[in-house]
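These are the residues of each chain, in order.
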Amino acid sequence: MNTQKPIALVTGATSGIGEACALRLHCAGYRVIITGRNTERLETLKAGLGDDALALTFDVRDREAAETAIASLPAEWREIEVLVNNAGLALGLEKEYEGDYRDWDTMIDTNIKGLLYMTRAIVPGMVERGKGHVVNIGSVAGDAAYTNGNVYCGTKAAVKAITDGLRIDLAETPIRVTLLKPGLVETRFSEVRFHGDTERAANVYKGIVPLTGDDIADAALYAVQAPAHVQIAEMLILATHQASGSVICRK
Ligand code: NDP
Ligand code: 8X3
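Given the structure is predicted, the values throughout are model-derived calculations rather than measurements. (Residues numbered from 1 in each chain as written. Chains lettered and ligands numbered in written order. Predicted model: local features only at pLDDT ≥ 70, side-chain atom pairs only at ≥ 80, totals over all residues. Heavy atoms only, no water.)

Q: Honestly, the site of ligand 2 in this entry has me stumped. Any pointers?
A: Neighbouring residues of ligand 2: Ser139, Val140, Ala141, Tyr146, Tyr152, Gly183, Phe189 and Arg193. Here an oxygen atom of ligand 2 and a side-chain polar atom of Ser139 are 2.5 Å apart. In the environment of ligand 2, an oxygen atom lies 2.6 Å from a nitrogen or oxygen atom belonging to the side chain of Tyr152. A total of 240 Å² of accessible area belongs to ligand 2 in isolation, and the protein chains cover 88% of it. In terms of residue class, the shell around ligand 2 is made up of 5 nonpolar, 2 polar and 1 charged. (Near = heavy atom within 4 Å. Polar contact = N/O pair within 3.5 Å; in protein donor to acceptor, adjacent residues only side chain to side chain. Areas by Shrake-Rupley, 256 points an atom, 1.4 Å probe, with all protein chains shown as cover. Nonpolar A, V, L, I, M, F, W, Y, C, P; charged D, E, K, R; others polar.)

Q: Looking at this structure, I do not really get unusual backbone geometry. What am I missing?
A: Trans peptide bonds make up most of the peptide bonds, and negative phi angles are found at most residues other than glycine. With phi around 70°, Asn148 is a residue other than glycine that occupies positive phi space. Positionally, Asn148 belongs in the loop between β5 (133-137) and α5 (150-169). Not every positive phi belongs to a glycine, and His195 is a case in point at roughly 50°. Relative to the elements of secondary structure, His195 occurs in the loop between α6 (189-193) and α7 (198-203). The exposed category is assigned to His195, whose relative accessible area is 53%. (Helix = DSSP H or I, 4+ residues; strand = E, 2+ residues; numbered from the N terminus. Buried < 20%, exposed > 50% of the residue type's maximum accessible area, 1.4 Å probe, protein only.)

Q: How do you make sense of the site of ligand 1 when you look at a structure like this?
A: Around ligand 1, the surrounding shell holds 29 residues, and the nearest of these are Thr14, Ser15, Arg37, Tyr152 and Thr187. At a separation of 2.8 Å, a nitrogen atom of ligand 1 approaches a polar side-chain atom of Asp59. Isolated, ligand 1 exposes 880 Å² of accessible area, and the fraction of that covered by the protein chains is 95%. Elements represented by at least two residues in the shell around ligand 1 include exactly α1 (16-27), α5 and α6. Grouping the amino acids of the shell around ligand 1 by side-chain chemistry returns 12 nonpolar, 11 polar and 6 charged.

Take a look at the structure:
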């Protein structure tokens, strides 16, 4: 392992945008801490990355598990320079007054509270060392609610406010904070949203060329590699035929 290389930690690295970010950061010369709930997928990813990767299995909703995982990092993996808060999900697409409260709890606990737990566990070290970059994965869904998006959109609006708050609180430090707001990205996202209904999930990407996880990883890397005096505060990244969370032109 090359301990001269900077360290990046990516949550939800087992799939989609998180996996793409981990791979891009690794290619760009980072040692990567890949985290998620699925040990088998993490180990497969780690096998492809070699010594410059460390896998940590925990659920971001479990504050104690997240804190313990970070506190028990080996000395040579402690100085995390980039945190990508990516783990998240949508569950359900129905009217708010007909929604499933269990789906709401999971989205709120993962997208908002999980992101906060990771931030609280890692950012103090960045402040102490005077070096760091937090990249939060928000969404176009946080800019404005769309039909039946209600609670998911609410969680991503919260991610926007929480990211702005962190940037304000860190303004006196060299630590930078970036919010990425992707539109339609073809990952496992819709399959998860529709509780495993792959046909319904596939329809989300019909008639439009969606973004890929790599497109979002490119944006993350651009922000991270910007000169130290440049803070990419926010990026909205849409497919060419998507204009907002609600306006999608399918052909
Ligand atoms: P995927 O479903 O492909 O990936 C989600 C990742 O988050 C998986 O690695 C998943 O792991 C992990 N995850 C979910 N819940 C938890 C948890 N409680 N603890 C730890 N890890 C967890 O979807 P995407 O890559 O598309 O989603 C990544 C992020 O991007 C999310 O925050 C999503 O809201 C956001 N986003 C996605 C867009 C899209 O169109 N795809 C657009 C805008 C934003 P596991 O396998 O264990 O579930
Ligand atoms: C994911 C993008 O438009 O499906 O956040 O909500 S969208």
